[in-house]
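Overview (structure and organization)
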Amino acid sequence: MSERTLAIIKPDAVKKHVIGDIIHRYEQAGLKPVAIKMLHMSKSVAEGFYAVHKTRPFFGSLCDFMSSCPAVVLVLQGDNAIKKNRELMGATDPAKADAGTIRKAHGANIEFNAVHGSDSPETANFEIGYFFPGMEIFD
Ligand code: IDP
Ligand code: MG
């Protein structure tokens, strides 16, 4: 079933000049970018995006990181896009990520882990709408 997911190439990956490598991996896996933009999140935009984590001890640090430099946000579309993207990404902690995953290749640690991907249809819906109005999504 074709579905959409939100991906973010996080500030650490943008600084490492691996935007192209990561987008290539999406496309090779059959995840088609249908929306894409670079933006420098304010702290409050990052806090709103990660509101689900607001009681976690790493919340402040995570929002500082996400608002530290520009990031690239994308909507990816394809069969089982949510699960497929989570598989491509690898585990949250790059040290535990499988070989061949984006986080294994480009993540530094459990916080600076290169990419974000929605984890369910409900979060994908919220996250896509958070960054993209419908008229900026093309399929
Ligand atoms: P996910 O990105 O694999 O879905 P989540 O648990 O949703 O992982 O956490 C969101 C983000 O918060 C992670 O991608 C990572 O950047 C950061 N994070 C998660 N756990 C920790 C932690 O224990 N310490 C510091 N940062 C963390
Ligand atoms: Mg998550």
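Everything that follows concerns the structure shown earlier in this document.
This one's a predicted model, so the numbers in the text were calculated from it and none came from an experiment. Along each chain, numbering runs from 1 in the same order as the chain's sequence is written. Each chain is given a letter, starting from A, and each ligand a number, starting from 1, according to the order in which they appear as written. For a predicted model such as this one, the threshold for reporting local features is a pLDDT of at least 70, and the threshold for listing and counting side-chain atom pairs is 80 or more; totals across whole chains, interfaces and linings nevertheless cover every residue. With hydrogens and water set aside, each side-chain value is computed from the structure's full complement of heavy atoms.

All residues adjacent to ligand 1 are Lys 10, Tyr 50, His 53, Phe 58, Leu 62, Arg 86, Thr 92, Arg 103, Ile 110, Glu 111 and Asn 113. In this structure, an oxygen atom belonging to ligand 1 sits 2.9 Å away from a side-chain N or O atom of His 53. Here a polar contact means two N or O atoms within 3.5 Å. Within protein one must be a hydrogen donor candidate and the other an acceptor candidate, and residues neighboring in sequence count only if both atoms are side-chain atoms. Here an oxygen atom of ligand 1 sits 2.9 Å away from a polar atom, N or O, in the side chain of Asn 113. Working definition of accessibility: Shrake-Rupley area with a 1.4 Å probe, residue cover restricted to the visible protein chains. Surface burial for ligand 1 is 80%, taken as the share of its 530 Å² of free accessible area covered by protein chains. Note on terminology: near, applied to a residue and a molecule or strand, indicates that one of the residue's heavy atoms is within 4 Å of it.

Simply put, disulfide is the name for a covalent bond between the sulfur atoms of two cysteines. In what follows, a disulfide is any cysteine sulfur pair within 2.5 Å. In the structure shown here, the tally under the stated rule is zero disulfides. We note that Cys 69 lacks a disulfide partner, and the nearest cysteine sulfur, in Cys 63, lies 15 Å from it.

Let us now look at the pattern of salt bridges. When a carboxyl oxygen of Asp or Glu lies within 4 Å of a side-chain nitrogen of Lys or Arg, that pair is called a salt bridge. For the coordinates displayed, the defined rule picks out five salt bridges. One salt bridge in this structure joins Asp 21 and Arg 25, with 2.8 Å as the shortest N-O distance. Here Arg 25 and Asp 21 lie together in helix α2 (residues 19-28), a separation of four residues that amounts to about one turn. Only protein chains enter the calculation, and the probe is 1.4 Å; a residue is then buried if its accessible area is under 20% of its type maximum, exposed if over 50%, and partly exposed in between. A relative accessible area of 23% means that Arg 25 is categorised as partly exposed. Measuring nitrogen to oxygen at the nearest pair gives 3.1 Å for the salt bridge that ties Glu 136 to Lys 37. Here Glu 136, found in the segment after α7 (121-131), pairs with Lys 37, found in strand β2 (residues 32-39); they are 99 residues apart in sequence, far enough to count as distant. For Glu 136, a relative accessible area of 31% puts it in the partly exposed group. Classification of Lys 37 as partly exposed rests on a relative accessible area of 25%. By the criteria applied, helices consist of DSSP H or I runs no shorter than four residues and strands consist of E runs no shorter than two, each listed in order from the N terminus.

Before going further, it helps to examine helix α5 (residues 81-89). Taken together, the buried positions of α5 are Ala 81, Ile 82, Asn 85, Leu 88 and Met 89. Seen end-on, α5 carries its buried residues on one side only, within an arc spanning 130°. Each element contacted by the buried residues of α5 is listed here: β1 (2-9), α2, β3 (71-79), α6 (102-106), β4 (115-117) and α7. Just downstream of α5, Gly 90 is the residue with a positive phi angle, here 90°. In this description, the arc belongs to the directions extending from the helix axis to the C-beta atoms. Throughout, a residue-residue contact means that at least one pair of heavy atoms, one from each residue, lies within 4.5 Å.

Another point: helix α4 (residues 59-66). Along α4, the positions that sit buried rather than exposed are Phe 59, Leu 62, Cys 63, Phe 65 and Met 66. Take α4 and look down its axis: the buried residues cluster within an arc of 160°, on one side only. Considering only its buried residues, α4 is in contact with β1, α1 (11-15) and α3 (43-49).

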